[in-house]
2 protein chains.
Amino acid sequence: MHDTSADRPPVVSTAVALFTIRDDALQVLLVPAGDGTLALPGTTPRHDEGLVAAARRVLAEAAGAEDVWLEQLYTFGDPTRNPAHREVAVTWYALVAADRAPAANAADAPAAGDGAARWAPVAALPALALDHRRIVDYAVQRLRNKLEYTTVGFQLLPARFTLGELQRVYEAILGRPLDKRNFRRKVELLGIVRPTREMRRAGAQRPAQLWRFAATEAPEAIGGPPANTAATPPVELLRVARLSPSLRRGPSRSAVTPPENPAAPERGSAA
Amino acid sequence: MHDTSADRPPVVSTAVALFTIRDDALQVLLVPAGDGTLALPGTTPRHDEGLVAAARRVLAEAAGAEDVWLEQLYTFGDPTRNPAHREVAVTWYALVAADRAPAANAADAPAAGDGAARWAPVAALPALALDHRRIVDYAVQRLRNKLEYTTVGFQLLPARFTLGELQRVYEAILGRPLDKRNFRRKVELLGIVRPTREMRRAGAQRPAQLWRFAATEAPEAIGGPPANTAATPPVELLRVARLSPSLRRGPSRSAVTPPENPAAPERGSAA
DNA sequence: CCAAAAGTGTTTCGAGTACACCCATGC
DNA sequence: GCATGGGTGTACTCGAAACACTTTTGG
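Asker: Lay out the overall build of chain A with the relevant residues and their values.
Answerer: When its secondary structure is counted, chain A shows 5 helices and 9 strands. Listed N to C, the secondary structure of chain A is β-β-β-β-α-β-β-α-β-α-α-α-β-β in terms of helices and strands. A total of 271 residues make up chain A; the buried ones form 47% of that total. In chain A, 65% of the contacts between residues at least 6 apart in sequence involve partners at least 24 apart. Carbon and sulfur atoms form 52% of the exposed surface of chain A, whose accessible area is close to 13500 Å².

Quick look at the structure:
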């Protein structure tokens with residue numbers, strides 16, 4: 001601050017891990033790095049451009065995603081992390097509903113275009129540039145935590161959703177099955193969802209009630225930074241009394257003849 | 001990352017909020033800023049010096065504090081936060097036991113020397129430079145949260161302590177009284193303290209058992225960054241099942257004739 | 001003997017969890 | 001009629017919370 005031993009000043013950069021749910025799996029957005037590997041989308045903040053603004057610009061350019069939930073993750077500045085040059089990377093993570101990231105949606109099914117962004121499931125990541133793998137891992141860990149006591153999860157769903165969809169989002173992120181009845185009771189009891197008049201009928205099953213997120217009044221907005229004066233947050237987040245932690249594993253997978261060996265799979269205590 | 005519109009690159013700086021408990025109150029270390037106000041100690045990382053290393057250097061220089069608990073807080077990079085020049089500040093918070101910060105301890109009682117660091121209670125902060133007030137507030141918020149599900153609290157105590165001292169640390173940070181019996185039971189039940197053979201006798205009261213932190217084996221180290229390969233953590237932190245959250249407000253202040261109006265003071269749900 | 005902090009158990013309440021069956025639909 | 005997901009209620013357990021008196025010491 002008042003000690004300025006500026007020799008070769010580090011470059012400030014930004015990297016963003018954008019998550020979505022596709023195929024009931026948590027996926028990250030990746031872009032081709034220079035060296036054949038993939039990387040998190042990123043940029044260098046322009047002068048007069050704030051760090052948040054830079055991150056949002058990255059999201060808009062790489063994924064066509066605007067107004068998404070965005071939170072700062074960590075700042076990496078180890079001199080050895082980038083062999084090319086000293087770089088201080090301010091990293092972020094962001095969430096979009098699958099229906100709200102046009103660019104990234106277009107360029108996926110075809111085996112990846114050129115400079116095109118593509119989604120990759122976090123459960124099976126390809127090789128990533130630099131320490132980006134670590135960044136993704138850390139973001140997932142954070143997301144898991146936040147999922148348990150906030151309503152971030154809703155950022156991954158469209159405006160209208162069924163409770164089944166909501167539960168699958170939770171299960172995909174936490175990596176463990178939840179009990180349907182407990183999940184529903186708790187979600188309704190917390191008052192964070194409101195039923196709409198619409199129903200969704202999809203295929204050969206009973207139509208499902210559509211719900212919406214009840215982010216009204218926002219009793220206390222929470223999130224990463226000490227948001228004091230600055231711009232209004234693009235999305236609302238509620239702090240709730242533990243949404244899922246309690247909701248342990250759901251019913252046994254096989255309803256018939258439950259195998260009596262309770263000690264092999266499913267650990268899930270996670271990092 | 002691959003888009004480099006580097007015009008006037010921002011300066012990277014570091015600021016650290018070092019906390020301790022003195023006089024049963026949470027206090028921060030402040031140093032004189034250029035302009036008559038006080039500021040958090042900080043510096044600019046040297047080339048080839050990591051961000052963590054820079055923060056530790058600040059702590060050593062400003063407070064003579066080594067091997068303290070240190071965690072990254074947030075990175076502020078709003079172009080307007082420092083009118084002088086574009087600055088990206090990577091901020092940290094740190095904890096020391098009162099008996100382990102020599103420099104800061106020397107320079108306090110006398111009405112502040114010249115370049116000397118001094119402690120200020122967070123409950124009554126003087127005017128701080130730039131957005132440092134906001135940084136302190138955010139750090140306190142984070143500390144409160146971490147206190148509830150980790151053992152950070154022990155970083156604020158000497159190696160041997162009484163359960164009364166431990167409880168006062170919790171109360172000072174959380175800003176609310178805790179129930180003595182519930183607190184002790186839980187702490188012992190969690191197995192995070194071990195009794196020593198020593199007793200402390202201090203003045204006109206029953207001597208107190210001395211305890212130590214039971215940070216053995218460290219079932220899972222937790223903290224800020226995704227510590228993967230790098231150096232071994234200087235201190236151990238355990239994740240515990242809620243140390244205090246439950247411990248609501250303690251016994252009514254006046255044991256005699258408890259006033260029957262339960263609706264005025266004590267809110268404490270905090271931000 | 002008085003003040004001051006240390007130390008110690010029990011009861012109540014509610015959240016968390018486990019668990020199984022019927023319903024509405026499309027094919 | 002059958003496969004598929006939607007929808008619903010209860011009982012048990014355990015942690016969280018409230019609560020008051022005795023002990024040891026120094027002055």
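The rest of the description comes next.
Asker: Could you give an account of the pairing of strand E2 (residues 25–32) of chain B, with specific residues and numbers?
Answerer: Side chains on a regular strand alternate between the two faces of the sheet. Residues and elements named next belong to chain B. Of all 8 residues that make up E2, 6 are buried, and the element is covered over most of its length. Linking two consecutive strands that pair antiparallel, namely strand E1 (residues 11–22) and E2, is a turn of 2 residues; a positive phi of about 55 degrees is found at Asp23 within it. Relative to strand E7 (residues 118–121), E2 is paired through 4 bridges, and the arrangement is antiparallel. Within E7, the residue paired with Leu30 across the bridge is Arg118.

Asker: Kindly report on the side chain of A:Thr75, identifying the contributing residues and their values.
Answerer: Relative to the helices and strands, A:Thr75 resides in strand E5 (residues 69–76). One polar contact links A:Thr75 to B:Gln72, side chain to side chain, over a distance of 3.4 Å. A distance of 2.5 Å separates polar atoms of two side chains, one belonging to A:Thr75 and the other to B:Thr75.

Asker: Summarise the packing of helix H4 (residues 163–174) of chain B against helix H5 (residues 180–190) of chain B; cite the residues concerned and give the values.
Answerer: Residues and elements named next belong to chain B. The contact between H4 and H5 brings their axes to 11 Å, and the two run at 105 degrees. Taken together, the axes of H4 and H5 are roughly perpendicular relative to one another. Each of Leu163, Gly164, Leu166, Gln167 and Tyr170 in H4 lies in contact with H5, whose residues at this interface are Lys180, Phe183, Arg184, Val187 and Glu188. Its residues placed into classes, the contact of H4 with H5 shows 5 nonpolar, 2 polar and 3 charged.

Asker: Provide a residue-level description of the environment of A:Trp92, including the pertinent values.
Answerer: Considering the arrangement of structural elements, one finds A:Trp92 in strand E6 (residues 87–95). Spatially, the C-alpha atom of A:Trp92 lies 9.8 Å from that of A:Leu51, the residues being 41 residues apart in sequence. In this view, A:Trp92 contacts A:Thr14, A:Ala15, A:Val16, A:Ala17, A:Leu51, A:Val52, A:Ala55, A:Leu70, A:Glu71, A:Gln72, A:Leu73 and B:Tyr74; residues no more than four positions away in its chain are not counted. In this structure the side chain of A:Trp92 is engaged in a polar contact, spanning 3.5 Å, whose partner is the backbone oxygen of A:Val90.

Asker: A description of the packing of aromatic side chains should follow, citing residues and the corresponding values.
Answerer: All names here are of chain A. The final tally for this structure, using the stated rule, is 10 aromatic pairs over all chains. Look at Tyr74 and Tyr138: their rings are 6.0 Å apart centre to centre, the planes differ by 85 degrees, and that puts the pair in the edge-to-face class. Placement of Tyr74 in strand E5 and of Tyr138 in helix H3 (residues 132–149) is noted, with a sequence separation of 64 residues between them. With respect to class, Tyr74 is no different from Tyr138; both count as buried. Consider the rings of Phe154 and Phe161, whose centres lie 5.6 Å apart with planes at 50 degrees: the pair is tilted. The class for Phe154 is buried, based on a relative accessible area of 5%. Take Phe161: its relative accessible area is 1%, and that puts it in the buried class.

Asker: Which residues make up the pattern of salt bridges, and what values do they have?
Answerer: All names here are of chain A. This structure, assessed with the given rule, holds 22 salt bridges over all chains. The closest approach of N and O atoms between Arg81 and Asp131, which form a salt bridge, is 2.7 Å. Note that Arg81 is positioned in the loop between E5 and E6 and Asp131 in the loop between strand E7 (118–121) and H3, a separation of 50 residues in sequence. Take Arg81: its relative accessible area is 9%, and that puts it in the buried class.

Asker: Could you give an account of the nonpolar core, with specific residues and numbers?
Answerer: Note that soluble globular proteins tend to have their nonpolar side chains buried in a common cluster. One finds A:Phe19, A:Tyr93, A:Leu166, B:Phe19, B:Tyr93 and B:Leu166 to be the most contacted residues of the largest nonpolar core, which totals 132 residues. Ignoring any residue separated from it by four or fewer positions in sequence, one finds A:Leu166 in contact with A:Phe154, A:Leu157, A:Phe161, A:Phe183, A:Val187 and A:Val193.

Asker: Break down helix H3 (residues 132–149) of chain B for me, with residues and values.
Answerer: Residue and element names in this part refer to chain B. A rise of 1.5 Å per residue sets the reference length of H3, with its 18 residues, at 26 Å; its end C-alpha atoms lie 26 Å apart and thus fit the reference within 8%. Restricting attention to buried positions, one finds in H3 the residues His132, Ile135, Val136, Tyr138, Ala139, Val140, Leu143, Lys146, Leu147 and Glu148. Structurally, H3 contributes buried residues whose contacts are with E1, E2, strand E3 (38–39), strand E5 (69–76), strand E6 (87–95) and H4.

Asker: Go over a positive patch on the surface, please, and point to the residues and values.
Answerer: On the surface, a cluster of positive charge is made up of A:Lys180, A:Arg181, A:Arg184 and A:Arg185. Its location among the elements puts A:Arg184 in helix H5 (residues 180–190).

Asker: Which residues make up the pairing of E1(B), and what values do they have?
Answerer: Residues and elements named next belong to chain B. Among the 12 residues that make up E1, 11 are buried, leaving the element largely enclosed by the rest of the structure. Both E1 and E6 contribute to a ladder of 9 bridges, which runs parallel. When the sheet's bridge partners are listed, Leu18 is paired in E6 with Ala94. As judged from the 2 bridges shared by E1 and strand E4 (residues 42–43), these two strands associate in the antiparallel manner. Bridging from a neighbouring strand, Ala15 pairs with Gly42 of E4.

Asker: Pulling in residues and values, what's your account of H5(B)?
Answerer: Structurally, the start of H5(B) carries an N-cap: the backbone nitrogen of B:Arg181 is 3.1 Å from a side-chain oxygen of B:Asp179. Trailing H5(B) by a residue or two, B:Gly191 shows a phi angle of about 70 degrees, which is positive.

Rules of the game
Within each chain, residue numbers correspond to sequence positions counted from 1 in written order. Starting at A for chains and at 1 for ligands, labels are handed out in the order in which the entities are written. The predicted nature of this model means local features are confined to residues of pLDDT at least 70 and side-chain atom pairs, given and counted, to a pLDDT of 80 or more, with totals for whole chains, interfaces and linings taken over all residues. Excluding hydrogens and water, the side-chain figures rest on all heavy atoms present in the structure. Working definition: helices are DSSP H or I runs of at least four residues, strands are E runs of at least two. Numbering for both runs from the N terminus. Accessibility here uses a 1.4 Å probe with only protein chains present; expressed as a share of the type maximum, an area under 20% marks a residue as buried, one over 50% as exposed, and anything in between as partly exposed. We call two residues contacting when some pair of their heavy atoms lies within 4.5 Å. All accessibility values rest on the Shrake-Rupley procedure with a 1.4 Å probe; residue burial counts only the protein chains present in the view. Only strands joined by at least two bridges in the DSSP assignment are considered to pair. Pairs of N or O atoms within 3.5 Å make up the polar contacts considered here, provided that, within protein, one atom can donate a hydrogen while the other can accept it, and that residues adjacent in sequence are counted only when both atoms are side-chain atoms. For every element, the axis is a line fit to its C-alpha atoms; helices are fit only across the contacting stretch, and the angle between N-to-C directions ranges from 0 to 180 degrees. Oblique is the label for any angle not under 35 degrees, not over 145, and not in the 65 to 115 range, which are roughly parallel, roughly antiparallel and roughly perpendicular in turn. Nonpolar residues are Ala, Val, Leu, Ile, Met, Phe, Trp, Tyr, Cys and Pro. Charged residues are Asp, Glu, Lys and Arg, and all others, Gly as well, are polar. Stacked, tilted and edge-to-face are the three classes applied to pairs of Phe, Tyr and Trp rings, where Trp contributes its six-membered ring and a pair requires centres within 6.5 Å; stacked means planes under 30 degrees apart, edge-to-face means over 60, and tilted covers the rest. We define a salt bridge as a side-chain nitrogen of Lys or Arg found within 4 Å of a carboxyl oxygen belonging to Asp or Glu. Nonpolar cores are built from buried Ala, Val, Leu, Ile, Met, Phe, Trp, Tyr and Cys residues. Side-chain atoms within 4.5 Å join them into one set. In this analysis, the expected span of each helix is defined as 1.5 Å times one less than the number of residues it contains. A patch consists of residues whose relative accessible area exceeds 30% and which take part in no salt bridge; residues with like charges are grouped when within 9 Å of each other, and nonpolar side chains (Val, Leu, Ile, Met, Phe, Trp, Tyr) when within 5 Å. Charge convention: Lys and Arg are scored as positive, Asp and Glu as negative, and His as well as the terminal groups of each chain are ignored. Positions of charges follow a simple convention, taking NZ of Lys, CZ of Arg, CG of Asp or CD of Glu.

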